[in-house]
Amino acid sequence: MIKKIAWDTFKNTGDINAYLELKEIENIEKRIVEEKDIKDNGEHKSKWNNIV
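Small disclaimer: the values here were computed from a predicted structure and weren't measured. Within every chain, residues take consecutive numbers counted from 1 along the sequence as written. Totals for whole chains, interfaces and linings use every residue, but because this is a predicted model, local features are given only for residues with pLDDT of at least 70 and side-chain atom pairs only at 80 or more, for both listing and counting. Heavy atoms throughout the structure, all of them, feed into the side-chain values; hydrogens and water do not.

*Asks:* What should I look at first to understand helix α2 (residues 16–40) in this one?
*Replies:* Residues that lie three or four places apart on an α-helix share one face, since the helix turns once every 3.6 residues. Between its first and last C-alpha atoms α2 spans 36 Å; for 25 residues at 1.5 Å apiece the expected length is 36 Å, and the two agree. Throughout, exposure labels follow a simple rule: accessible area from a 1.4 Å probe, protein chains only, divided by the maximum for the residue type, with under 20% read as buried, over 50% as exposed, and the rest as partly exposed. Here a strand is any run of E in DSSP of at least two residues, a helix any run of H or I of at least four, and the numbering for each starts at the N terminus. Residues of α2 that are buried: Ala18, Tyr19, Lys23, Glu26, Glu35 and Ile38. Where α2 is buried, its residues touch α1 (2–13). Pairs of N or O atoms are called polar contacts if they sit within 3.5 Å, as long as, within protein, a hydrogen donor faces a hydrogen acceptor (for residues adjacent in sequence, only side-chain-to-side-chain pairs). N-capping of α2 is provided by aspartate 15, with a side-chain oxygen placed 3.1 Å from the backbone N of asparagine 17. What a helix is expected to span follows from its residue count: subtract one and scale by 1.5 Å. Should any heavy atoms of two residues lie within 4.5 Å, those residues are counted as being in contact.

*Asks:* Would you mind showing me how to read the pattern of salt bridges here?
*Replies:* Side chains carrying opposite charge are able to pair once their charged atoms draw close together. By definition, a salt bridge exists where a carboxyl oxygen of Asp or Glu is found within 4 Å of a side-chain nitrogen of Lys or Arg. For the coordinates displayed, the defined rule picks out four salt bridges. A salt bridge links lysine 11 to aspartate 8; its shortest N-O distance comes to 3.6 Å. Residue lysine 11 and its partner aspartate 8 are both found in helix α1; the two are separated by three residues, about one turn of the helix. A salt bridge links glutamate 26 to lysine 23; the shortest N-O distance between them is 2.6 Å. With glutamate 26 and lysine 23 both in helix α2 and three residues apart, the pair spans about one turn of that helix. You'll find glutamate 26 and lysine 23 in the same group, each marked buried.

Below, the structure written as structure tokens:
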């Protein structure tokens, strides 16, 4: 859903920064879900440590 909002925002405003910021929010949401899945599965390794 955020991807569609990001794309629509870019189409309406022409502002690539708005698109990129919304895409980053989408990426953060994905990482949160992955982190939750890791915790639910009892794994202690965090994918957050791999973020540069």
